[in-house]
Amino acid sequence: MLSVALRALRTRWATFTGSFVALALGVALLTVTGLALASSATAPERAPERFAAEPVVVKGQDTLRVPTPIGDRESRLAHPRPVPATTVAELRKLGPVVADRSFAVRATGAPADLVGHPWSTAAFALYDLATGRAPRTADEVAVTGDWTRPGRRLHTDRGPVRVVGTLTSRGFENAVFFTDARAARLAPTVTQLAVEADPAAVREAVGDSAQVLTGNARRLADADPGRDSEALTAMNSLFGTAGGVTAFVSVFVVASTFAFAVAQRRREFALLRTAGAVPGQIRRTVLTEALAVGALASATGCALGSHAAPRLAAWVVDNGLAPAWFTIGDHTWPYHAAFWTGLLVALCGATAASWRAGRTGPTEALREASAESGTITRGRLLSGTALLLTSAVTLGLSLAGDPADLLQRKSYISRPMLLITAAALLSPLVLRPLTRLLTWLPGACALLVRENTAAGMRRTAALAAPVLVTVALAGSLLGATATLNRARTTETSERTTAAFVVTPPAGTGFDDAALRRLRAVPGAEMSPTSSTAVHVLEDDVALVRSEARAATPGPLAATTRLPLAAGAVSDLDDDSIIVNEEWQRHRVGDRVRVWLGDGTPRTLRIAAVMTTGTGDNGVYVTPRNAPGATVDRIDVALTADADPKTVATALQQALGTGNGQILTREAWIRATHPETDRTTRLGLLLVLGIALLYTGIAVANTMVMATSDRARDLAVLRLAGATRRQVLRLTGAEALTVVAAGALLGLLVAAVNLAGMASALALLSAPATIALPWQALGTTTAVCALLAVTSALAPAALALRRRPAEPAGVRE
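Fair warning: this is a prediction, and the values are worked out from it, not measured in the lab. (Residues numbered from 1 in each chain as written. Predicted model: local features only at pLDDT ≥ 70, side-chain atom pairs only at ≥ 80, totals over all residues. Heavy atoms only, no water.)

Draft legend 1. View of the overall build of the chain. Along the backbone of the chain there are 23 helices and 23 strands. Taken across its 812 residues, the chain has 48% of its residues classed as buried. Here the contacts in the chain between residues at least 6 apart in sequence split such that 80% fall between residues at least 24 apart. Element-wise, carbon and sulfur atoms account for 58% of the exposed surface of the chain, whose accessible area totals about 36,400 Å². (Helix = DSSP H or I, 4+ residues; strand = E, 2+ residues; numbered from the N terminus. Buried < 20%, exposed > 50% of the residue type's maximum accessible area, 1.4 Å probe, protein only. Contact = heavy atoms within 4.5 Å. Areas by Shrake-Rupley, 256 points an atom, 1.4 Å probe, with all protein chains shown as cover.)

Given below as structure tokens:
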């Protein structure tokens, strides 16, 4: 049987080309993703940046630690505690102390991420003056980089300033340095400072009131010290998803290819049975062919992956998806994992086909008709039904248990795979009636298309399945994000009743003077709110952080319609809290122990409970329970006799130029419409690109394999009087019909998947309107149709180059 398998590979190389290409590309992608995951398993510790030249840094407490029966639990504070004044006084006895201050600055024509510091801290980061001098007065600044020059005046949200010096960039921030006195007025709170003293003495003076950072730990005083870990987590999710989809789709394509190849070779296997071969030998022949193709394709894929991985690393760095230091390391396990996975995929894809080949009877060699008698095999029917039931059961359990889980990215990416696989396996049951429906028009061409697709159901299923998978993936993944974004926008629209929303520049807040000016605007009722967080310990083991807003109950009720399930906004006071149904305890009147945004412990009464919604229904407390929070949003309602235009003009005058923006309710809803983040969007496009690539391989391979079987059919059409153009038109119409059937089934699968998400949203009391990505679905279907028609017409045109009498007179 080994010699038979090897000869079959040599003589039928075109039959196995599609499987080889699909496996090689799949293993290459697995190698690339494996190397990327291995290289990003751990992030190297960055050296200190802002305090590179200062040996000791004292930083206010920014982490909440809560003891539990299984150890301490930690969570990042929303408002780090300032270094106590008594501690600063003790530190000044040990040596010079320099307070560090950081605050966002917005300026016309400047980088969007400008951050302000006092001049005395420039030496800590080893900044050097490139041009000009240091700032000496309140209206003078020095900046990093070459985006401006000394003498230029800048209009900032902190007032007009003049650039008097530029510093060489250190690459980690765009800084603007004020005088120490001006910086102290702009940012009075001190959360970290540098001390020139012995570290041991500093630790003794500080005690538990703050953190003492030395050595490499000084990087914790830099802005966003966990950015590398966050970037790597997002990148690992991206590559992990791509690897999983690659394995899923490659198994699908290989299994479909081998199944169609076995159906084509039934007479060949029947002749082997007639010659004395037993079913086991036939199965071993098919598996040996798969093993040979799999080994060669896996080796090729590993070689391709080793060359592609460094290019991928450069691409993700250039596009900001990975830190600048990310490179592909020297790892061997990804090659082993990819090679053996490819081999396993080939064997899994061929196993079902081998059993079908082993059941071929000797009398099959005497059959003349090429029409297929069975619509679907028993194994395929059982597997598809089992997967369909599994998908339904898991969806039902999720809806009954935790509907919010269906809104998570890992769920709406992985869950559709079960239903898509089940639909592809069961597609032959509906393809015949569906293609008949699509070709109901009268006429000879429609009749031939209808009968040809029905007679070659295996060919039809092999062509429709990859189209189904691609369209279903596009509809399910892009539709899930679109549905969630639409639901969140609707929530914002339903909750916002204010006429205007006033916001400060990004990363800043309103000071008391600005609030007084805005409150003095006639005809406007203000509701200032602040961003904060509340921590709660659930089951005595899990420290959960909930995003919160601090607001005064009366103005809040006048400008916001909270989605309450119980209680009333008016019951909120300094001794209470408004929670949502995600909280473990959410009954009105219960008292819960919480930790505020600065880590202060409190026991508060639940005044009201909001529905869960899409997850954006956070927590509400009063301003007294949000120490350290600054007002970052003001909702403005109009009094009964107020004119909107007059109020808007007065608000703009009170706010001043460069101090924020005033948006109408409609403009605010448009501005806050959620967009899929860049990493998620690229990940989804990568997944769909992989699926579309495999669709092209599967479609082209199926068409090329089918051409040899259809040569006699095409010749008979020519002998019956059909012209070459008519035959090609018929071939193209058949391909389009099958693509349309596959696309409709894929659309149905996507709609069912999104219906599950809509059910979850309804159970969570969130707007549940399905949003299908029609543009993406149309583009995907058009690309599939183009691939199918091209792959059908090219081999058919080559087959029609023969004279019609030649194939018709040949007997197999």
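Draft legend 2. Fine view of a nonpolar patch on the surface. A grouping of Leu381, Leu429 and Val430 is seen on the molecular surface, where their side chains present a nonpolar patch of about 220 Å² in accessible area. As for its placement among the helices and strands, Leu381 is situated in helix α10 (residues 378-401). Residue Leu381 is classed as partly exposed on the basis of its relative accessible area, which comes to 33%. (Patch = residues over 30% accessible without salt bridge, like charges linked within 9 Å, V, L, I, M, F, W, Y side chains within 5 Å. Salt bridge = Lys/Arg side-chain N within 4 Å of Asp/Glu carboxyl O.)

Draft legend 3. Spotlight on the nonpolar core. Among the nonpolar cores identified, the biggest contains 60 residues, and Leu407, Ile420, Leu431, Leu473, Met757 and Leu761 are the most heavily contacted of them. Elements supplying a minimum of two residues to this core: α6 (227-264), α11 (409-414), α12 (416-426), α13 (428-438), α15 (457-495), α20 (678-719), α21 (724-763) and α22 (774-799). Sorting elements by how many residues they give to this core places α15 first, with 16 residues. Not counting chain neighbours up to four residues away, the residues in contact with Leu473 comprise Met417, Ile420, Leu478, Leu688 and Ala691. Core analysis: the next-biggest nonpolar cluster, separate from the first, contains 18 residues, Phe510, Leu518, Val631 and Leu651 among them. (Core = buried A, V, L, I, M, F, W, Y, C linked by side-chain atoms within 4.5 Å.)

Draft legend 4. Seen up close, the side chain of Gln61. With respect to the helices, strands and loops of the structure, Gln61 is situated in the loop between β1 (56-60) and β2 (63-66). In terms of polar contacts, Gln61 uses its side chain to reach the backbone carbonyl oxygen of Asp208, at 3.3 Å. In this structure the side chain of Gln61 is engaged in a polar contact, spanning 3.5 Å, whose partner is the backbone oxygen of Ala210. Contact partners of Gln61, with chain neighbours within four places excluded, come to Leu77, Pro80, Arg81, Asp208, Ser209, Ala210 and Gln211. (Polar contact = N/O pair within 3.5 Å; in protein donor to acceptor, adjacent residues only side chain to side chain.)

Draft legend 5. Structural context of the pattern of salt bridges. For the coordinates displayed, the defined rule picks out 17 salt bridges. Between Asp590 and Arg587 there is a salt bridge; the shortest N-O distance is 3.4 Å. Since its relative accessible area comes to 16%, Asp590 is described here as buried. Sharing partners across several salt bridges, the network here consists of Arg50, Asp100 and Glu173.

Draft legend 6. Focus on the pairing of strand β14 (residues 500-503). Every second residue of β14 is oriented toward a common face, with Phe500 and Val502 on one face and Val501 and Thr503 on the other, all of them buried. In terms of strand pairing, β14 meets strand β22 (residues 631-638) through three bridges, oriented antiparallel. Following the sheet pairing, Val502 is matched in β22 by Ile634. Across four bridges, β14 lies against strand β23 (residues 661-664) in antiparallel orientation. Bridging across to β23, Phe500 finds its partner in Thr664. (Pairing = 2+ DSSP bridges.)

Draft legend 7. The sheet that holds strand β4 (residues 97-100), seen in detail. Read from one edge to the other, the open sheet built from four strands follows the order β4-β12-β1-β13, with strand pairing classed as antiparallel. In the strand order of this sheet, the two ends are held by β4 and β13 (210-214), each with one partner. Averaged over all pairs of adjacent strands, the angle between strand axes in this sheet comes to 25°, irrespective of strand direction. By the bridge criterion, three bridges tie β1 to strand β12 (residues 192-195) in an arrangement that is antiparallel. Paired with Val57 across the bridge in β12 is Ala194. Against the sheet, helix α3 (residues 85-92) contacts β1, β4 and β12, and its axis sits at roughly 10° relative to β12. Each of β1, β12 and β13 touches helix α5 (residues 199-206); the most contacted strand, β13, lies at about 170° to it. (Axes fitted to C-alpha atoms, helices over the stretch in contact; angles between N-to-C directions.)

Draft legend 8. Representation of the confidence of the model for the chain. Scored by pLDDT, the chain has a mean of 82; 88% of the residues are at 70 or more. Ignoring residues within four places in sequence, the model shows residues 807-812, a span with pLDDT below 50, making 12 contacts including any to other chains. (pLDDT = per-residue confidence, 0-100.)

Draft legend 9. Broad picture of α21. Its 40 residues place the ends of α21 59 Å apart at the C-alpha level, agreeing with the 58 Å of an ideal helix rising 1.5 Å per residue. Once α21 ends, the next one or two residues include Ser765, with phi positive near 60°. (Expected span 1.5 Å × (residues − 1).)

Draft legend 10. Structural context of the side chain of Arg495. Assignment of secondary structure puts Arg495 in helix α15. Despite its burial, Arg495 remains without a salt bridge, the nearest opposite charge being carried by Glu491 at 5.9 Å. Polar side-chain contacts of Arg495 include one of 2.9 Å to the side chain of Tyr620. (Lys, Arg positive; Asp, Glu negative; His and termini not counted.)

Draft legend 11. Spatial organisation of the packing of aromatic side chains. This model, assessed by the stated rule, comprises six aromatic pairs. Look at Phe103 and Phe178: their rings are 5.7 Å apart centre to centre, the planes differ by 45°, and that puts the pair in the tilted class. Remark: Phe178 occurs in strand β11 (residues 174-178) and Phe103 occurs in strand β5 (residues 103-104); sequence separation between them is 75 residues. When its relative accessible area of 7% is taken as the criterion, Phe103 is described as buried. By relative accessible area, which is 1% here, Phe178 ends up buried. Here the aromatic rings of Tyr127 and Phe177 are separated by 5.5 Å at their centres, their planes lie at 70°, and the arrangement is edge-to-face. Placement of the pair is Tyr127 in the loop between β6 (114-118) and β7 (129-132) and Phe177 in strand β11, with a sequence separation of 50 residues. For the pair formed by Tyr127 and Phe177, the shared burial category is buried. (Phe/Tyr/Trp six-rings, centres within 6.5 Å; stacked < 30°, edge-to-face > 60°.)

Draft legend 12. Expanded view of unusual backbone geometry. Of note, Leu126 is a non-glycine position whose phi angle comes to about 65°, a positive value. Of note, Leu126 is situated in the loop between β6 and β7. Positive phi is not limited to glycine here, since Ser765 has a value of about 60°. Here Ser765 lies in the loop between α21 and α22.

Draft legend 13. Seen up close, the environment of Ala640. Checked against the element boundaries, Ala640 lands in the loop between β22 and α18 (644-655). Through-space distance from the C-alpha of Ala640 to that of Gly523 is 8.0 Å; in sequence the pair is 117 residues apart.

Draft legend 14. Up close: helix α16 (residues 512-519). Along α16, the positions that sit buried rather than exposed are Ala514, Leu515 and Leu518. Across the axial projection of α16, the buried residues extend over an arc of 100°, all falling on one side. Summarising the geometry of α16, the exposed residues directed more than 90 degrees from the buried face are Asp512 and Arg516. Residues of α16 that are buried sit in contact with β15 (524-538), β22 and α18. (Arc of directions from axis to C-beta.)

Draft legend 15. Spatial organisation of the packing of α10 against α12. Close contact between α10 and α12 brings their axes to 8 Å; oriented N to C, the two are set at 150°. In terms of their interaxial angle, α10 and α12 are classed as roughly antiparallel. Every pair of crossing elements has a handedness; the one defined by α10 and α12 is left-handed. Residue-level inspection shows Arg380, Leu381, Ser383, Gly384, Thr385, Leu387, Leu388, Thr390, Ser391 and Thr394 of α10 in contact with α12, the latter providing Leu418, Leu419, Thr421, Ala422, Ala424, Leu425 and Leu426. (Parallel < 35°, antiparallel > 145°, perpendicular 65-115°, else oblique. Left-handed = near helix turned anticlockwise from the far one by under 90°.)

Draft legend 16. Geometry of the pairing of β6. Extensive coverage of β6 is indicated by the burial of five of its five residues. Examined bridge by bridge, β5 and β6 share two bridges and lie antiparallel to one another. In the strand pairing of β6, Phe103 is matched with Gly116. One ladder, built from five bridges, connects β6 with β11; its direction is parallel. Across the sheet, the residue bridging to Leu114 is Asn174, located in β11.

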